[in-house]
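# Structural description and commentary
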Amino acid sequence: MLSSSRKPANTIENLICTAERIATGEWRSIVVTCRTGRREQLEPDVTQPTLVETALPNLDVVRLAGRLGAEIRNVRLSGDLPDATITAINQLLLKHKVIFFRDQGHLDDGEQERFAVRLGNLVPHPTVGATKGTSSILELDSNRGGGRADQWHTDVTFVDAYPKFSVLRGVVIPEFGGDTIWSNTAAAYEHLPATLKRLAEELWAVHSNAYDYAAVRSRATEADRKHFEEVFTGTIYETEHPVVRVHPETGERTLVLGNFVQRFVGHSKADGQKLLELFQSHITSPENTVRWRWQAGDVAIWDNRATQHYAVNDYGDQHRIVRRATVDGDVPVSVDGRRSVTRTKATKPTAVKAA
């Protein structure tokens, strides 16, 4: 419940469009713009339960680390969840960046997508596509090429409007190993020294799916290399993103980096590598991460606009399968209002793919 020290000229129902959360992380206030153009800050009535608390009691939300991550208990995910529960899940996701659900073994590909579409429109991977019969399911199978995502990355940043949310389901999980680690790119920015914040805000980086695969995946199998050359880079993208974007829902500033960064606009390759290492060290510092030990039937959902993740490749020949549904995103906007732009989208010639 919200109250205001000044009585609005119009009722809340008549307030027009912009309701922007102040990025406190605790949703303590909302700024609204009235029909008259006057802005008012509404403060919560702390004696009343919030929407999240009503739909998902506090006892069912268990924080896992200091800067991100929460396990949500006593929720059976499906496409038929009440609107209030979906809204609460969305708000918890924005707050905790990545949330986890155990014991969702009832989900198959279809029901996973029926749930995921409640969070937004689904979109397939731009080069790999979707599993047959689905809108967006991407299967990552450790026994097939491209099934081990053991690099720090934000999903699909080589396109301009990269995914908003990812919904990942554990299908076959190793007896040991195979954890996934997430990092909070909003907290990483927030904890930068002021001078590094200013530097980051001025930088733009070129992201591409075409990179030196052998250099970063020295343990890759022949199947991995074939998948990279013929499928993952079947269409080559290059997109310029601001290193700092403004989150469209929380107003937070987040760092847009990861393994798809190839260079920085206006800087040499050598200098760019040093810049990437500098900012990535803040993103992936242990204090800025949460680690999840998978069980079959688990579901992880993360805000892809405010996180990076890394699938730990420590399970040898054990089998691991996870399936991801992806929610379409928006084009990032920099702190000075400029939008990301895709500079290259080129289909690789057939002869090159087969080489």
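Everything quoted here is computed from the prediction, not taken from an experiment. (Residues numbered from 1 in each chain as written. Predicted model: local features only at pLDDT ≥ 70, side-chain atom pairs only at ≥ 80, totals over all residues. Heavy atoms only, no water.)

### What about the environment of V62?
Following the sequence through the fold, V62 ends up in strand β5 (residues 61-63). For V62, a relative accessible area of 23% gives the class partly exposed. As a C-alpha pair, V62 and I99 span 37 residues in sequence and 9.5 Å in three-dimensional space. Apart from residues lying up to four places away in sequence, V62 is in contact with G69, A70, E71 and R73. (Helix = DSSP H or I, 4+ residues; strand = E, 2+ residues; numbered from the N terminus. Buried < 20%, exposed > 50% of the residue type's maximum accessible area, 1.4 Å probe, protein only. Contact = heavy atoms within 4.5 Å.)

### Quick word on the nonpolar core
Residues I72, L77, F101, F115 and I301 are the most contacted members of the largest nonpolar core, which totals 27 residues. Those elements that provide at least two residues to this core are β6 (70-72), α2 (83-96), β7 (98-101), α3 (109-116), β9 (165-172), β17 (299-303) and β19 (321-327). In terms of residues, this core owes the most to one element, α2, which gives 6 residues. Not counting residues within four places of it along the chain, the set of residues in contact with I301 comprises L93, K97, V98, I99, F101, F115, L119, S166 and V167. The next biggest cluster of nonpolar side chains, apart from the first, holds 17 residues, and it includes Y189, V243, V261 and L276. (Core = buried A, V, L, I, M, F, W, Y, C linked by side-chain atoms within 4.5 Å.)

### A word on the pattern of salt bridges
Under the defined criterion, the tally for this structure stands at 26 salt bridges. Notably, a salt bridge pairs R263 with E238, separated by 3.2 Å at the nearest N-O pair. Note that R263 is positioned in strand β15 (residues 261-264) and E238 in strand β12 (residues 235-242), a separation of 25 residues in sequence. Several salt bridges converge on common partners, so that one network encompasses K164, R245, E249, D303, R305 and D330. (Salt bridge = Lys/Arg side-chain N within 4 Å of Asp/Glu carboxyl O.)

### Points about empty space enclosed by the protein
The gaps of empty space that remain are located by a probe, the size of a water molecule, rolled over the atoms. Counted under the stated rule, the structure contains 1 cavity of 30 Å³ or more. For the largest cavity, the full set of lining residues is V261, Q262, R263, F264, K269, G272, Q273 and L276. Every element with two or more residues in the lining of the largest cavity is listed here: β15 and α8 (269-283). Looking at the lining of the largest cavity residue by residue, the classes come out as 3 nonpolar, 3 polar and 2 charged. (1 Å grid on protein atoms, 1.4 Å probe; cavity = no way out; pocket = protein on both sides within 12 Å on 5 of 7 lines; lining within 4 Å. Points joined across faces, edges and corners; volume = space filled by probe spheres on them. Nonpolar A, V, L, I, M, F, W, Y, C, P; charged D, E, K, R; others polar.)

### Focus: the sheet that holds strand β10 (residues 180-184)
Reading across from one edge, β16-β10-β18 is the order of the 3 strands in this open sheet, with antiparallel pairing throughout. Of all the strands in the sheet, the pair left with one neighbour each is β16 (289-292) and β18 (307-311). Averaged over all neighbouring strand pairs, the angle between strand axes comes to 20 degrees, with direction disregarded. Note: β10 against β16, 4 bridges, orientation antiparallel. (Pairing = 2+ DSSP bridges. Axes fitted to C-alpha atoms, helices over the stretch in contact; angles between N-to-C directions.)

### Details of the packing of aromatic side chains
Evaluation of the coordinates by the stated rule reveals 9 aromatic pairs. Arranged with centres 5.3 Å apart and planes meeting at 70 degrees, the rings of F100 and W182 form a pair that is edge-to-face. Placement of the pair is F100 in strand β7 and W182 in strand β10, with a sequence separation of 82 residues. Overall, the relative accessible area of 0% leaves W182 in the buried class. On the basis of an interplanar angle of 15 degrees and a centroid distance of 6.2 Å, the ring pair of F232 and F260 is categorised as stacked. Here F232, found in helix α7 (residues 222-232), pairs with F260, found in the loop between β14 (253-255) and β15; they are 28 residues apart in sequence, far enough to count as distant. (Phe/Tyr/Trp six-rings, centres within 6.5 Å; stacked < 30°, edge-to-face > 60°.)

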